[in-house]
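# Architecture at a glance
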Amino acid sequence: MKHREERFVSVGGRDLYYQVWEPDAPMRALILLAHGLGEHGGRYAELAQVVTAKGYVLAAIDHYGHGRSGGEMGDIERFVFFLDDFGDFSRRLREAYVGVPVVVIGHSMGGLIAARYLVQHQNEFVAAVLSGPAVELEPEPGVLQRALIGLLATIAPRLGLRTIDPVHVSRDPEVVRRYAEDPLVYHGPVRARQLREFLKAMAVLREEMHTIRLPLLVLHGEADALTAPAGSRLLHERAQSDDKRLQLYPALYHEIFNEPEREQVFEDMLSWCEIRLPR
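Reference entry: report on the structure contained in this document. (Residues numbered from 1 in each chain as written. Predicted model: local features only at pLDDT ≥ 70, side-chain atom pairs only at ≥ 80, totals over all residues. Heavy atoms only, no water.)

### A few points about the pattern of salt bridges
The cut-off we apply is this: The rule for a salt bridge is simple: a side-chain nitrogen of Lys or Arg has to be within 4 Å of a carboxyl oxygen of Asp or Glu. Strands are runs of DSSP state E lasting at least 2 residues, helices are runs of H or I lasting at least 4, and numbering of each runs from the N terminus. Burial here depends on accessible area, computed with a 1.4 Å probe over protein chains only, as a share of the maximum for the residue type. Under 20% is buried, over 50% is exposed, and the range in between is partly exposed.
Enumeration over the complete set of coordinates arrives at 25 salt bridges. Where Glu 259 meets Arg 171, a salt bridge forms, and the shortest distance between an N and an O atom there is 2.9 Å. Of this pair, Glu 259 sits in the loop between strand 10 (244–249) and helix 8 (262–276) while Arg 171 sits in the loop between strand 7 (160–162) and helix 5 (173–181); the two residues are 88 residues apart in sequence, bridging distant segments of the chain. For Glu 259, a relative accessible area of 0% corresponds to the buried category. Among the salt bridges present, the one from Arg 177 reaches Glu 181, with a minimum N-O distance of 2.7 Å. With a gap of 4 residues between them, Arg 177 and Glu 181 both fall in helix 5, about one helical turn apart. Among the residues examined, Arg 177 registers a relative accessible area of 36% and is labelled partly exposed.

Rendered as structure tokens:
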């Protein structure tokens, strides 16, 4: 396996970092990965080992305000910045691997980014895998809470409203420890403006998800306390893909790629992708 690190400046002027893992064997497909809120692409190094052994290239961006990319951790003015940056990232990687089939994988917030991006750009990919996508939060804010969040986003945009408890990430204590001690993970609160942008993006996705038509695999842990499995059920139900599958894992927490059963999750995902790759 070969590994390299790259940086580029997006069309919007944002400094972005990404990593690429390449297989030693001939390349069969390219995976573009969008990570979750507060984390970074480096946390998917184990996934990279698994997929490169099968001939996949894995490229993982650090979203703006995350990991080694520019921007202030824990703050984003507009959700569309994530979509624009992911588009620039996709363009760069597809130009670097011309003719290689491309699969997108999005986890949590990255699942929301990937799903929103697919609405306008699904022709760039042969398949999509969404892991615990942020379609609905757990718990989902009520009407009054949403109104308050909107107000606070206007008058106090940087006010912290929610934090992620590391114990909800995985049932594996070692994963929780590494997450809690990782200096590239943002451990502060989700700020009012950022939360408003997430909620707006989720609402837009729920209106647009019926336009998704490419092969779609949705994965979710049923014991997820951060993003609601009900959101994945809704996404699977409304997507118009002729080829779609919803895989729920009883007892698994939010990061199914980091749960004790992750080898089974990897096998399920790769066996599904294998059938969707062009021969």
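There is more to say after this.
### Side note on helix 3 (residues 109–121)
Let me state the cut-off plainly: Given the number of residues in a helix, its expected span is that number minus one, multiplied by 1.5 Å. Contacts between residues were defined by any pair of non-hydrogen atoms, one from each residue, lying within 4.5 Å.
The end-to-end C-alpha separation of helix 3 is 18 Å, in line with the 18 Å expected for 13 residues at 1.5 Å each. Turning to helix 3, its buried residues are Met 109, Gly 110, Gly 111, Leu 112, Ile 113, Ala 114, Ala 115, Arg 116, Tyr 117, Leu 118 and Val 119. Contact partners of the buried residues in helix 3: strand 3 (29–34), helix 2 (80–96), strand 5 (102–107), strand 6 (127–131) and helix 6 (192–208).

### Regarding the environment of His 210
Selection rule: In the analysis that follows, any N or O atom pair within 3.5 Å is treated as a polar contact, provided that within protein one partner can donate a hydrogen and the other can accept it, and provided that, for residues neighboring in sequence, both atoms belong to side chains.
Its place among the elements puts His 210 in the loop between helix 6 and strand 9 (216–221). C-alpha of His 210 to C-alpha of Leu 16: the two residues are 194 residues apart in sequence and 31 Å apart in space. Apart from residues no more than four positions distant in its own chain, His 210 is found in contact with Arg 238, Ala 239 and Gln 240. Reaching out from His 210, the side chain makes a polar contact with the backbone oxygen of Glu 207 at a distance of 3.1 Å.

### What about the sheet that holds strand 3?
Stated formally: The criterion for strand pairing is that DSSP finds at least two bridges linking the strands in question. Lines fitted to the C-alpha atoms define the axes, with helices restricted to the stretch that makes contact. Angles between their N-to-C directions range from 0 to 180 degrees.
If you walk across this open sheet you meet the 8 strands as 1-2-4-3-5-6-9-10, and the pairing is mixed. Edge positions in the sheet fall to strand 1 (2–9) and strand 10, since each of these pairs with one other strand and no more. Across this sheet, the average inter-strand angle for adjacent strands is 15°, counted without regard to direction. The sheet contact formed by strand 1 and strand 2 (residues 15–22) spans 8 bridges and is antiparallel. Considered in strand 2, the bridge of Val 9 is made with Asp 15. Together, strand 2, strand 3 and strand 4 (56–62) form the strand contacts of helix 1 (residues 45–52), whose direction differs from that of strand 4 by roughly 160°. In this fold helix 8 packs onto strand 4, strand 5, strand 6, strand 9 and strand 10, with an angle of close to 165° to the strand it touches most, strand 6.

### Digging into the pairing of strand 5
In plain terms, the rule: Note on handedness: a crossover is taken as right-handed if, strands pointing away from the viewer, the path from the first strand over the helix to the second is clockwise.
Of all the 6 residues making up strand 5, 6 are buried; the element is thus mostly covered by neighbouring parts of the structure. The alternating pattern of strand 5 places Val 102, Val 104 and Gly 106 and Val 103, Ile 105 and His 107 on opposite faces, both of which are buried. Looking at chain direction, strand 3 and strand 5 are connected through 5 bridges and run parallel. Counted as the bridge partner of Leu 33 is Ile 105 from strand 5. Sheet analysis places strand 5 next to strand 6, joined by 5 bridges and oriented parallel. The residue of strand 6 that forms the bridge with Gly 106 is Leu 130. Note that the unit made of strand 5, helix 3 and strand 6 has a crossover that is right-handed.

### Remarks on a nonpolar patch on the surface
Put simply, the test is: Patch membership is restricted to residues that have no salt bridge and whose relative accessible area is over 30%. Joining uses 9 Å for like charges and 5 Å for the nonpolar side chains Val, Leu, Ile, Met, Phe, Trp and Tyr. Throughout, the Shrake-Rupley method with a 1.4 Å probe supplies accessible areas, and for residues the shown protein chains are the sole cover considered.
On the surface, a nonpolar cluster with roughly 310 Å² of combined accessible area is contributed by Leu 148, Leu 151 and Ile 155. Relative to the helices and strands, Ile 155 is located in helix 4 (residues 143–155).

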